[in-house]
Amino acid sequence: MLPISALIAGFLAVTAPPPAAATADTVLREVRRPGASVTLVNLWATWCQPCREEFPDLLRLRRAYQARGLRLVLVNADFGEGKEEAVKFLADQGVDFPTLLKDQDDDTFINALGGGWSGALPATFVFDGTGRLVELVDHKATYATLESKIRPFLREEGKETTR
């Protein structure tokens, strides 16, 4: 039996905004934008099965902790015709917030994000509220693993950030 949320999602068409083209600088500006106490930047692609598998956990984390300062930045690494598949995937997942599409050569993008990232997908970068990279998870991660990475940075319920 499907959960009620899945039934509702099936009846309501969720339109994800198309991903905006982004360089590593664009991603880092989003990370440093005021308001978040912790930011997860997830690099994914539609052709990457582990990326697709962890996607629901990322969205679940966002729903659970956005009010406590979590910002989720999704960066798609598809190219060419894969961009259309990415937009469809985002809509199918119910993503209704802005996302990004990597639009920079791999080496420049990889080096600019740092953390010793090899470029393998999926990759999730954890940044604190000041925009400092505190951890890189360069493999498929579970909800529990990602939750443990963000918990130290979350605001107490009902508290706003001063940044």
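Below or above, wherever it landed, is the structure these notes cover. Here the structure is a predicted model, which is why all the values come from computation and not from measurement.

About the criteria used
- One numbering rule holds for all chains: residues counted from 1, following each sequence as written.
- Thresholds applied to this predicted model are a pLDDT of at least 70 for local features of residues and 80 or more for the giving and counting of side-chain atom pairs; totals over whole chains, interfaces and linings are not thresholded and use all residues.
- Hydrogens are left out, water is left out, and the side-chain values use all remaining heavy atoms of the structure.
- Secondary structure elements are defined from DSSP: runs of H or I of at least 4 residues count as helices, runs of E of at least 2 residues count as strands, and each element is numbered from the N terminus.
- By definition, residues are in contact when any of their heavy atoms lie within 4.5 Å.
- In these tables, accessible area is a Shrake-Rupley quantity obtained with a 1.4 Å probe, and a residue counts as shielded only by the protein chains included in the view.
- Each residue's exposure class comes from its accessible area (1.4 Å probe, protein chains only) as a fraction of the maximum for that residue type: buried when under 20%, exposed when over 50%, partly exposed otherwise.
- It is the directions from the helix axis to the C-beta atoms whose arc is reported.
- The pairing criterion for strands is at least two bridges between them, as found by DSSP.
- Fitting a line to C-alpha atoms yields each axis, with helices limited to the stretch in contact; the angle taken between N-to-C directions then spans 0 to 180 degrees.
- We call a pair of cysteine sulfur atoms a disulfide whenever their separation is within 2.5 Å.
- Here the word oblique covers every angle except those under 35 degrees (roughly parallel), over 145 (roughly antiparallel) and from 65 to 115 (roughly perpendicular).
- The residue classification treats Ala, Val, Leu, Ile, Met, Phe, Trp, Tyr, Cys and Pro as nonpolar and Asp, Glu, Lys and Arg as charged. All others, Gly included, are polar.

## Describing the overall build of the chain
Item 1. If you tally the helices and strands in the chain, you get six helices and six strands.
Item 2. Starting at the N terminus and walking to the C terminus, you meet the elements of the chain as α-β-α-β-α-β-α-β-α-β-β-α.
Item 3. Once local pairs closer than 6 in sequence are excluded, the contacts in the chain between residues at least 24 apart make up 74%.
Item 4. Here the chain has roughly 8700 Å² of accessible surface; of this, 53% comes from carbon and sulfur atoms.

## Brief notes about helix 6 (residues 143–150)
Item 1. Burial in helix 6 covers these residues: Y143, L146, E147 and I150. Down the axis of helix 6, the buried side of the element spans an arc of 105°, and every buried residue falls inside it.

## Considering the sheet that holds strand 3 (residues 70–76)
Item 1. The strand order across the open sheet built from six strands is 1-4-3-2-5-6, with neighbouring strands paired in mixed fashion. Looking at the sheet topology across the chains shown, the edges are occupied by strand 1 (20–22) and strand 6 (133–137). Looking at each pair of strands side by side, their axes are set apart by 25° on average, direction ignored.
Item 2. With two bridges connecting them, strand 3 and strand 4 (residues 100–102) associate as parallel partners. By the bridge assignment, V75 is partnered in strand 4 with L100.
Item 3. Here helix 6 sits on the sheet in contact with strand 2 (38–44), strand 3, strand 5 (123–128) and strand 6, set at roughly 170° to strand 6.

## Quick word on the state of the cysteines
Item 1. Following the criterion strictly, the structure yields one disulfide and no others.
Item 2. Between the sulfur atoms of C48 and its disulfide partner C51 the distance amounts to 2.3 Å. The S-S bond linking C48 to C51 shows a torsion near 80°; that makes this disulfide right-handed.
Item 3. The class for C48 is buried, based on a relative accessible area of 4%.
Item 4. Overall, C51 belongs to the buried group, its relative accessible area being 0%.

## Quick look at the environment of W117
Item 1. Following the sequence through the fold, W117 ends up in the loop between helix 5 (106–113) and strand 5.
Item 2. W117 sits in the buried class, given a relative accessible area of 8%.
Item 3. Each C-alpha atom, one on W117 and one on L136, is 7.5 Å from the other, the two residues being 19 residues apart in sequence.
Item 4. W117 has contacts with L43, F109, I110, A123, F125, L136 and D138, leaving out every residue within four places of it along the chain.

## Looking at the packing of helix 2 (residues 24–32) against helix 5
Item 1. Helix 5 packs onto helix 2 with a crossing angle of 25° between their chain directions and a minimal axis gap of 9 Å. Accordingly, the angle class assigned to the pair helix 2 and helix 5 is roughly parallel. Together, A24, V27 and L28 of helix 2 and F109, A112 and L113 of helix 5 make up the contact between the two elements.
Item 2. For the contact of helix 2 with helix 5, the per-class residue count stands at six nonpolar, no polar and no charged.

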